[in-house]
Every structure is written in C-alpha cells, then in structure tokens.
Amino acid sequence: MVTRGIRGQGSRSGGRPTLEEVAARAGVGRGTVSRVVNGSPRVSEETRAAVEAAVDELGYVPNRAARALAANRTDAIALVVPEVESRFFAEPYFSDIVRGVGAALDSTEMQLLLTIVGNDRERSRLARYLAGNRVDGVLLVSVHADDPLPELLVQLGIPVVLSGRRSENEPLAWVDADNVAGARSAVSHLIARGRRTIATITGLLDVYGAQCRLDGYRQALAAAGLDADEGLVAPADFTEEGGRRAMTELLERRPRLDAVFVASDVMAVGARQVLRERGRTVPGDVALVGFDDSAIAHRMDPPLTSVHWPIEEMGREMTRVLLAEIADRRPAATRGAKGRQIVLPTELMPRASS
C-alpha cells in the first residue's frame, strides 16, 4: 500500500485519491471501479486492467471501513468465554485457545474481541452489543448445557463455532477433542500398571466434554472386566479447590483406592496436595493421571502423566471454521442440518506420577 502511494502521481487535489478520480483516469464509471476493487467477476479483463492501472498510478487505497459496510461486514470476530474471570486466568486452556485463534487470524485483516461473560448482567450486555451487528461471527468457548448464548446467536443470525459440544447431536459448528478416547487411554494405562481400585475426579457434568471423559473412564473399566463403583466417582468443577474437595471425598469413601484419573491437570494439582497431606505417596500408594498435558503437568512433583490434546490447534481450527461460516452465509437448510464439525485426536503422555 505504501509503495503504491509513493510511486503514484497522487490525487489532483493533493489528498487521498478518490474512487471518482480512479474512474476518470480509467475512463469508466464509478460503479465499475467499485466492482473491480471488490473483486467482482462482472467486469471484462480489458476494463479490469485499465482500472488496476489507474489504481496503481494514483496510489488509490480502498476505504476498508466503507467496503466492510457495503458488504455488511465488520471485519471483527468475538471470542466469548462464559466463565468467571478467576477461572479464565487460572486455566492454561483458555490462554492456549487465545494463542491459537490469534495465530489463525494473523494472516487476515480480522480484529479479535475477547469477552469474558461471568454472570447474567454481563450476558445481557453482550447480547445488546452483538445485536448491533458489531461482529461477523463468534467463537464460543467452554459452553455449558444450559447456556442460552448459542441460541441467542442463532436468533441474531451470527455465525458461531463452539469449542466442544453441548451434546452428541450438537447442531452448530464445533471443534472438539476425542475426550472419550483420551480418558479411555488414561484408565487403560493405569490398569496396565496393575491398578485395580481406580477412582475418577470429573469436571462439571453439565459440560459435554466432562461427560465424555467419564464415559471413557467407564469404558476402560468395563473392557478390563472391572466393576464401575460409583463410590469411586467424585464430580468437581475443573478448579484446583474442586480437585482438593473431590480427592478428600474419595479418600473418605474408598481409602484403599490405588489410582485416580483426574479430568484436568488443574484439578490434579488439588488432588496431589490432599494425597501428600494424607501421607499417600505418588505413584507408590496412588497413581495419578490428569488431562490437558498443560505446563502444570511438567511442573508437578512428580511430573504428571496426562492426556495431551492440541488446544492451540483447536483455537486455529475453530477460527478457520468460523471464517468459512462467515464466507458461506447460505441458510442452514441449503448446506445441511449441521454446521462444520471437527474432532481432534488425543494422546497419553506417560510420566512419573503413574
């Protein structure tokens, strides 16, 4: 853009060249110049060459804001996290998602708006903001089953992509990890190490991914012929304190447990603290496996065996899917009942805790 402005002869008025001046230089109408600048195919090659030559000679720079307005676009997307701020800043998952989204947008002109929605008042404020056509699409992270935001976005006609699903039959576009397979591999690993009284600390069970990790836990036990003892299942909330509470409950109910599959690394930190306070060694008395393979897993003592899933890649894929949804604004009925859907693989990363 800058080079073109330096080379060109500039506007006769001495200011920024206008669309009308480009049209006069090319000997065509203003509408023809607009079609060429906006990439319309309804222009002959001869005319297109004349307009492009005039643009180059004058150093004309299209008004991006005006182009976006004419195309009913804002050139902005929102990354919406319906969680309290304390959880957003405590969990590496969210920063990894943001990093992936930023990487995917790096080669575009899209702006990113990050919004944390932790209560009903903030949700209402966001709804009013989005109703004003301020963004072209929304990336929705950490969605709970009863969250009204996805339906609101559908009603507003805003393209949306979810990180994870609300159910097996999620109709919106989503990118998710293979949570069932990841949990199954974690518990199978513990069984292969000779553990037989294997507990699990789940995430919030109104999150479909947490349900899937619990399903994977149960599938691995069933495959090994082990009973699924519900006294070995302790729901938590993906926080460190939740991991502490759940581990305390498990030890009170089943003091002879010899392994725990924890549905997030953050909760595994809390569980490890309780085990140490109770005099249980890891992995000697109790083997421990987490989920996320975050930096936390490497810093724990001993280092935590954890299920790796490509969180940054999820952010990149979500963004690619959203940009495709924005470009393809046909009614859902003409492009299938469901939005684009991608499942990313998981991999167990064995370390000293198991």
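Data block above holds the structure.
My aim in this report is to walk through the structure given alongside it, one point at a time. Because the structure is a prediction, the values reported are computed rather than measured.

**Focus: the overall build of the protein chain**
Across its full length, the protein chain holds 15 helices and 12 strands. The buried share of the protein chain, reckoned over its 354 residues, is 49%. Relative to all contacts within the protein chain whose residues are 6 or more apart in sequence, the contacts with residues 24 or more apart total 71%. For the protein chain, the computed accessible surface area is about 16700 Å², with 50% contributed by carbon and sulfur atoms.

**Regarding the sheet that holds strand β12 (residues 347–349)**
Here six strands make up an open sheet; going across it, the order is β7-β6-β8-β9-β10-β12 and the pairing mixed. Bordering the open sheet on either side are β7 (233–235) and β12, each of which pairs with just one other strand. When the angles between neighbouring strand axes are averaged without regard to direction, this sheet yields 20 degrees. Relative to strand β10 (residues 305–308), strand β9 (residues 287–292) runs parallel, the two sharing four bridges. Residue pairing across strands places glycine 290 opposite serine 306, the latter belonging to β10. On top of the sheet, helix α11 (residues 208–223) reaches β6 (198–202), β7, β8 (259–262) and β9; it is set at about 170 degrees to β6, its chief contact.

**Points about empty space enclosed by the protein**
Rolled over the atoms, a probe sized like a water molecule indicates the empty space that remains. Counted under the stated rule, the structure contains two cavities of 30 Å³ or more. Roughly 320 Å³ of volume is contained in the largest cavity. As for the largest cavity, its lining consists of 20 residues, and the residues nearest its centre are Tyr93, Val207, Arg213, Phe238 and Trp309. No other element matches α11, which puts four residues into the lining of the largest cavity. When grouped by side-chain class, the residues that make up the lining of the largest cavity number eight nonpolar, six polar and six charged. Approximately 40 Å³ is the volume found for the second largest cavity. Forming the walls of the second largest cavity are Pro92, Tyr93, Asp96, Val266, Asp292, Ser294 and Ile311. The dominant element in the lining of the second largest cavity, judged by the number of residues it contributes, is helix α7 (residues 92–105), at three residues.

**Some remarks on the pattern of salt bridges**
Taken as a whole, this structure holds 24 salt bridges when the rule is applied. The partner of arginine 351 in a salt bridge is aspartate 293, and the shortest N-O contact between them spans 2.7 Å. With a gap of 58 residues between them, arginine 351 in the segment after β12 and aspartate 293 in the loop between β9 and α14 (295–299) connect regions that are remote in the sequence. Linking glutamate 325 and arginine 340 is a salt bridge whose minimum nitrogen-to-oxygen distance equals 2.6 Å. Pair noted here: glutamate 325 is in helix α15 (residues 311–327) and arginine 340 is in the loop between α15 and β11 (341–344), with a separation of 15 residues, a long-range link. Accessibility expressed as a relative area gives 6% for glutamate 325, which makes it buried. Taking the relative accessible area as the measure of exposure, arginine 340 reaches 32% and is therefore partly exposed. Among the ionic contacts, a cluster of salt bridges with common partners joins Asp96, Arg99, Glu312, Glu313, Arg316, Glu317 and Arg320.

**Side note on helix α12 (residues 240–253)**
In this model α12 runs 20 Å from its N-terminal to its C-terminal C-alpha over 14 residues, within 8% of the 20 Å that 1.5 Å per residue would give. The complete set of buried residues in α12 reads Gly242, Gly243, Ala246, Met247, Leu250 and Leu251. Taken down its axis, α12 places every buried residue within 160 degrees of arc, on the same side. Each element contacted by the buried residues of α12 is listed here: β6, β7, β8 and α13 (265–277).

**Details of the pairing of β6**
Counting buried positions along β6 yields five of five residues, so the element is predominantly enclosed. Of the two faces of β6, the one holding Ile198, Thr200 and Thr202 and the one holding Ala199 and Ile201 are both buried throughout. Sheet topology note: the β6/β8 ladder contains four bridges and is parallel. Note on β8: the bridge partner recorded for threonine 200 is phenylalanine 261. Bridging between β6 and β7 involves three bridges; their strand directions are parallel. Paired with isoleucine 201 across the two strands is alanine 234, which belongs to β7. Viewed along the sheet, the connection from β6 through α11 into β7 turns out right-handed.

How each quantity is defined
Residues numbered from 1 in each chain as written. Predicted model: local features only at pLDDT ≥ 70, side-chain atom pairs only at ≥ 80, totals over all residues. Heavy atoms only, no water. Helix = DSSP H or I, 4+ residues; strand = E, 2+ residues; numbered from the N terminus. Buried < 20%, exposed > 50% of the residue type's maximum accessible area, 1.4 Å probe, protein only. Contact = heavy atoms within 4.5 Å. Areas by Shrake-Rupley, 256 points an atom, 1.4 Å probe, with all protein chains shown as cover. Pairing = 2+ DSSP bridges. Axes fitted to C-alpha atoms, helices over the stretch in contact; angles between N-to-C directions. 1 Å grid on protein atoms, 1.4 Å probe; cavity = no way out; pocket = protein on both sides within 12 Å on 5 of 7 lines; lining within 4 Å. Points joined across faces, edges and corners; volume = space filled by probe spheres on them. Nonpolar A, V, L, I, M, F, W, Y, C, P; charged D, E, K, R; others polar. Salt bridge = Lys/Arg side-chain N within 4 Å of Asp/Glu carboxyl O. Expected span 1.5 Å × (residues − 1). Arc of directions from axis to C-beta. Right-handed = clockwise from strand over helix to strand, strands pointing away.

Just distances and angles here, no functional claims.
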